[in-house]
Number of protein chains: 2
Amino acid sequence: MNGAESLVRTLLSSGVDVCFANPGTSEMHFIAALDKVAGMRCALGLFEGVATGAADGYFRITGRPACTLLHLAPGLANGLANLHNAKKAGSGIVNVVGQHATYHLNYDAPLTGDIEGVAKPMSHWVRTSMSSSGVASDGADAVQAARSTPGQIATLILPADASWAAADEVALAPAPTPPRAVSPDAVTAVAKALRSGGRTVMLLGGAALRGKALEWAGRIAAKTGCRLMSEGQNARLERGAGRVKLDRLPYDVPGAVATLKEIDRVILIGAKTPVAFFAYPDQPSLLAPKECEMVTLAQGEHDIESALEELAHELGASTTAPVIADLQRPALQEGKVTPEGIAAVLGALMPEHAVVVDESISMGRGFFPVTVSSAPHDWMNSMGASLGYALPVAIGAAMAAPDRKVIAIVGDGSAMYTLQALWTMAREGLDVTIVILANRSYNILRSELAKVGVGAAGRTALDMLTLDNPNLDWVALAKGHGVASGRAHDLGEFAKELSRGLASDGPYLVELVV
Amino acid sequence: MNGAESLVRTLLSSGVDVCFANPGTSEMHFIAALDKVAGMRCALGLFEGVATGAADGYFRITGRPACTLLHLAPGLANGLANLHNAKKAGSGIVNVVGQHATYHLNYDAPLTGDIEGVAKPMSHWVRTSMSSSGVASDGADAVQAARSTPGQIATLILPADASWAAADEVALAPAPTPPRAVSPDAVTAVAKALRSGGRTVMLLGGAALRGKALEWAGRIAAKTGCRLMSEGQNARLERGAGRVKLDRLPYDVPGAVATLKEIDRVILIGAKTPVAFFAYPDQPSLLAPKECEMVTLAQGEHDIESALEELAHELGASTTAPVIADLQRPALQEGKVTPEGIAAVLGALMPEHAVVVDESISMGRGFFPVTVSSAPHDWMNSMGASLGYALPVAIGAAMAAPDRKVIAIVGDGSAMYTLQALWTMAREGLDVTIVILANRSYNILRSELAKVGVGAAGRTALDMLTLDNPNLDWVALAKGHGVASGRAHDLGEFAKELSRGLASDGPYLVELVV
């Protein structure tokens with residue numbers, strides 16, 4: 001056994017059995033070990049951001065880290081943007097990054113670079129395994145770090161000689177540490193705050209948005225009359241028929257400020273203090289008024305479900321019925337494409353337990369209310385806002401949940417950053433329907449240009465915000481990657497194309513010209 | 001005037017008048033300034049690696065830095081791999097990276113990240129402009145850093161409030177510092193070494209491979225009988241008819257070791273001590289034998305042309321005729337695709353003063369000797385070996401030399417990392433002919449798998465090395481990006497398709513199935 005094989009065996013014994021790979025020479029021993037050791041499902045991405053984004057999506061569904069396999073400093077660099085998104089989403093990932101043999105680093109060969117330096121800004125945990133005998137325990141430590149609550153980005157750097165030299169150990173990552181308990185005092189304080197009157201928002205994030213935790217939050221809201229909201233973006237939110245209804249904090253600063261203006265108190269439950277996405281001249285960074293009280297029940301590292309359960313008991317809300325969405329699919333719309341029309345078609349056709357990966361940016365803000373009473377589904381946003389998250393995340397979600405339909409809704413500008421993901425979907429036969437919202441511009445930036453106070457765009461600025469001249473042909477791009485596709489120009493055509501995708505077992509791309 | 005405008009004016013007055021951009025909200029004031037201030041040619045890339053690679057190509061042709069415009073930490077991260085390549089090539093680039101407003105950074109908004117941390121591994125110079133009044137002088141410092149000899153990567157981080165607040169300065173970067181002179185002693189020592197007999201290689205790199213410097217080197221070689229070679233990869237090498245003939249050090253370790261085995265002395269002129277690309281078990285990192293003497297005449301920061309001129313005078317070689325390639329185009333070949341056949345077609349059809357951007361990896365090592373007597377041309381390699389360099393570099397080269405034909409020869413695996421470059425070529429109407437060598441695998445890795453000593457690939461390993469199932473359809477991918485294209489299956493079809501591309505004024509892609 002060599003170091004690479006000891007790492008593969010350690011990952012498998014520690015429950016990491018999916019690998020999203022874009023390997024190079026320094027990773028060949030890891031690749032070879034996959035032939036010797038059964039059990040690692042390995043999917044190739046043709047760009048590293050596909051691999052890291054897929055690992056994010058996999059974690060969001062399973063709560064378990066996958067590993068990535070990346071090539072030296074530039075390979076890791078190509079994966080950083082989606083690691084940024086994963087880090088902000090609290091997704092656990094084990095990155096295995098090949099490195100030159102330790103003795104070769106002196107020579108400054110072409111691919112030599114500062115891998116630890118590249119890793120640090122987007123990783124919680126970084127280590128270089130300096131010899132084959134330590135690879136197994138380093139690997140187990142990496143898995144342990146990735147399995148923290150919330151998940152963490154762990155980057156293990158594996159020099160070629162640590163990979164190819166003899167090793168005899170297989171390590172086992174310790175069982176995940178349970179999430180931190182919220183103190184009884186915090187629960188009591190929040191209960192007191194909820195009883196004290198005034199207009200209160202319970203702002204939910206992370207694990208509060210799913211399963212029992214969400215149910216407890218619904219009971220508490222029904223009992224106390226407080227308003228239930230989620231953060232503006234959410235890693236995975238369970239919603240639709242049978243789930244607790246809640247609103248989402250608006251993205252735009254004036255909208256969010258207006259929503260929170262009359263609020264006396266915000267209870268943070270797995271959510272952070274609401275802040276503006278960007279600073280704008282003459283607009284606040286903090287979205288709630290100064291006099292609004294911020295009370296924290298639980299943060300990302302806490303046992304959020306238990307805290308909510310205790311809070312419900314304390315408030316006598318244990319058996320209060322939450323406000324649940326009834327199944328009421330929107331009616332299909334026809335004619336001209338509008339944001340509400342897109343949402344109606346989506347909400348009407350979405351199958352039960354679909355996973356919606358939403359990177360609709362400028363078009364999609366109105367999708368949320370229209371789909372609240374559709375069939376039960378999960379909704380995922382980009383948490384780090386680096387464009388190009390949706391297609392890779394859809395890969396990971398589809399591999400994690402092969403029995404569920406994944407629907408990726410993504411602006412054309414966003415999709416272009418990681419379009420190589422289409423090929424991996426085709427190769428792995430993943431059940432993903434992709435909707436490209438082809439507005440042929442960075443439409444979000446047109447409104448931002450106005451918001452930052454520089455007025456209308458002139459010729460040069462417009463050229464930087466438009467994706468026309470030439471238009472991207474997404475039907476051809478899909479074909480080039482081996483993915484079936486169709487184009488829609490109105491809502492009727494969209495319904496037909498979306499149905500075709502949803503009826504397919506493999507990937508299908510709909511270019512919706514908007 | 002605001003900070004952004006003072007930066008645009010500073011860049012222009014300092015000679016930086018081309019911008020490769022992929023902007024976001026935090027860059028909107030810079031974009032708006034481009035409408036107010038004439039003179040900056042701005043090309044949009046749909047992925048940041050396109051922008052950074054294009055800036056590398058622009059520098060390689062002009063010797064002048066372009067700027068890039070990138071969005072926060074993840075945007076810069078997406079550009080890092082090609083910054084790595086540019087750094088290794090000695091290309092000067094000014095990166096302008098937007099940042100949140102300084103007062104907004106406390107709030108950890110979704111896009112917040114450690115931009116300086118991301119920049120450092122791939123930059124020589126990093127600075128955050130903390131207020132609008134300092135932006136101009138920071139910008140001038142960045143240009144000065146980028147214009148060092150050799151060029152450097154300078155990353156200027158521009159917070160939104162430094163961008164939008166008032167500024168009244170325009171700064172001018174000082175004239176570039178002349179490159180360091182080589183000491184007369186070094187010249188004398190090298191002359192003595194060349195006169196002392198023994199088998200000597202003059203190993204040329206960087207600025208030694210072009211213009212007068214190359215001519216002086218040719219005279220010296222003709223006079224002293226030493227062998228003239230270039231490094232295995234070169235940022236830009238002038239060759240073909242009328243240029244000094246020289247060999248290239250082989251890429252593969254056994255080939256390079258065999259080449260240097262009988263050599264007593266290597267004179268390094270803008271070149272580094274030859275080292276293996278990767279370490280392999282039981283193969284050396286250093287390619288020359290221990291007893292081979294390494295003598296440095298000049299390094300990248302030196303005035304290489306003057307050093308060679310002085311050396312030629314010292315050796316009495318000032319009027320010695322160098323060995324020059326005569327025009328002798330290879331004959332067109334037909335039939336089955338072979339590496340030599342590809343090179344023959346290329347060498348036969350290549351127009352005068354073409355710029356060949358070579359990322360042919362596994363197929364292309366034999367292209368070099370076959371094209372040595374073709375029409376005069378420039379040949380560019382990836383210096384950092386991070387895949388996805390060729391298409392972006394071709395953009396920059398084509399913008400820098402609109403009167404020259406750019407030919408990008410790139411493996412399908414490599415091209416996929418930055419295929420978005422095709423769209424920028426179409427939009428800017430760039431005169432680039434792209435040859436995709438579609439071997440439908442990471443072919444290089446198959447041989448590497450054997451070299452690192454793990455033997456033949458099994459099923460899982462093979463899946464990580466092949467790009468089939470499904471095959472990429474490059475004709476469709478080109479169409480998707482608005483680029484005309486054709487496919488060739490044999491050398492006759494390749495000649496026809498390549499001719500079509502060379503006859504076109506805009507981009508044309510040839511998928512050569514190999």
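Refer to the preceding data block for the structure.
Since the structure is predicted, the reported quantities are computational estimates derived from the model, not experimental observations. (Residues numbered from 1 in each chain as written. Chains lettered and ligands numbered in written order. Predicted model: local features only at pLDDT ≥ 70, side-chain atom pairs only at ≥ 80, totals over all residues. Heavy atoms only, no water.)

A look at the overall build of chain A
Each helix and strand counted, chain A has 20 helices and 18 strands in total. C-alpha extents for chain A along the principal axes are approximately 65 × 60 × 45 Å. Counting over 514 residues, chain A shows a buried share of 65%. Relative to all contacts within chain A whose residues are 6 or more apart in sequence, the contacts with residues 24 or more apart total 80%. Entry remark: accessible area of chain A is about 16200 Å², with carbon and sulfur atoms responsible for 50%. Distance from the positive charge centre (42 side chains) to the negative charge centre (51 side chains) of chain A: 5 Å. (Helix = DSSP H or I, 4+ residues; strand = E, 2+ residues; numbered from the N terminus. Buried < 20%, exposed > 50% of the residue type's maximum accessible area, 1.4 Å probe, protein only. Contact = heavy atoms within 4.5 Å. Areas by Shrake-Rupley, 256 points an atom, 1.4 Å probe, with all protein chains shown as cover. Lys, Arg positive; Asp, Glu negative; His and termini not counted. Charge placed at Lys NZ, Arg CZ, Asp CG, Glu CD.)

Points about the relation of the copies chain B and chain A
When chain B is fitted to chain A, the residual RMSD is 0.0 Å, and the transformation amounts to a turn of 180° plus an axial shift of 0.0 Å. Here the transformation between the copies is reduced to the relation of a two-fold axis. A share of 100% of the interface residues of chain B reappears at the interface of chain A, consistent with the copies meeting face to face through the same patch. (Least-squares fit on C-alpha atoms with pLDDT ≥ 70 in both.)

Some details on the sheet that holds strand β4 (residues 93-99) of chain A
Pairing between the strands of a sheet comes from backbone hydrogen bonds, and it takes one of two forms, parallel or antiparallel. All names here are of chain A. Pairing is parallel in the open sheet, where six strands are placed in the order β2-β1-β3-β4-β6-β5. Each edge of the sheet is formed by a strand with only one pairing partner; in this case those strands are β2 (41-44) and β5 (125-128). Across the sheet, the axes of successive neighbouring strands diverge by a mean angle of 20°, strand direction being ignored. Pairing between strand β1 (residues 18-21) and β2: four bridges, direction parallel. Bridged to V18 within β2 is R41. (Pairing = 2+ DSSP bridges. Axes fitted to C-alpha atoms, helices over the stretch in contact; angles between N-to-C directions.)

Here we look at the interface of chain B and chain A
Taken together, the contact between chain B and chain A spans 94 residues of the former and 94 residues of the latter. Summing the contributions of chain B and of chain A, the shared interface buries around 7900 Å²; its carbon and sulfur component is 66%. Put simply, chain B and chain A have eight salt bridges between them. Two residues, K88(B) and D108(A), come together in a salt bridge whose shortest N-O distance is 3.0 Å. (Buried area = accessible area lost by both parts, 1.4 Å probe. Salt bridge = Lys/Arg side-chain N within 4 Å of Asp/Glu carboxyl O.)

Topic: the nonpolar core
Among the nonpolar cores identified, the biggest contains 257 residues, and F20(A) and F20(B) are the most heavily contacted of them. The dominant element in this core, judged by the number of residues it contributes, is helix α14 (residues 390-400) of chain A, at nine residues. (Core = buried A, V, L, I, M, F, W, Y, C linked by side-chain atoms within 4.5 Å.)

Details of the sheet that holds strand β11 (residues 265-269) of chain B
Residues and elements named next belong to chain B. A sheet is described by the order of its strands in space; here five strands give the open sequence β10-β8-β7-β11-β12, paired in parallel fashion. Two strands bound the open sheet, and with one partner strand each, they are β10 (247-248) and β12 (293-298). Where strand β7 (residues 200-204) meets β11, five bridges bridge the pair, whose relative direction is parallel. What sits directly across from M202, in β11, is I267. This element, helix α11 (residues 304-314), spans β7, β11 and β12 of the sheet and lies at about 110° to β12.

Description of the environment of P330(A)
Residue and element names in this part refer to chain A. Within the secondary structure, P330 is located in the loop between α11 (304-314) and α12 (339-349). As a C-alpha pair, P330 and L349 span 19 residues in sequence and 9.1 Å in three-dimensional space. Not counting residues within four places of it along the chain, the set of residues in contact with P330 comprises A343, A344, G347, A348, V370 and S374.

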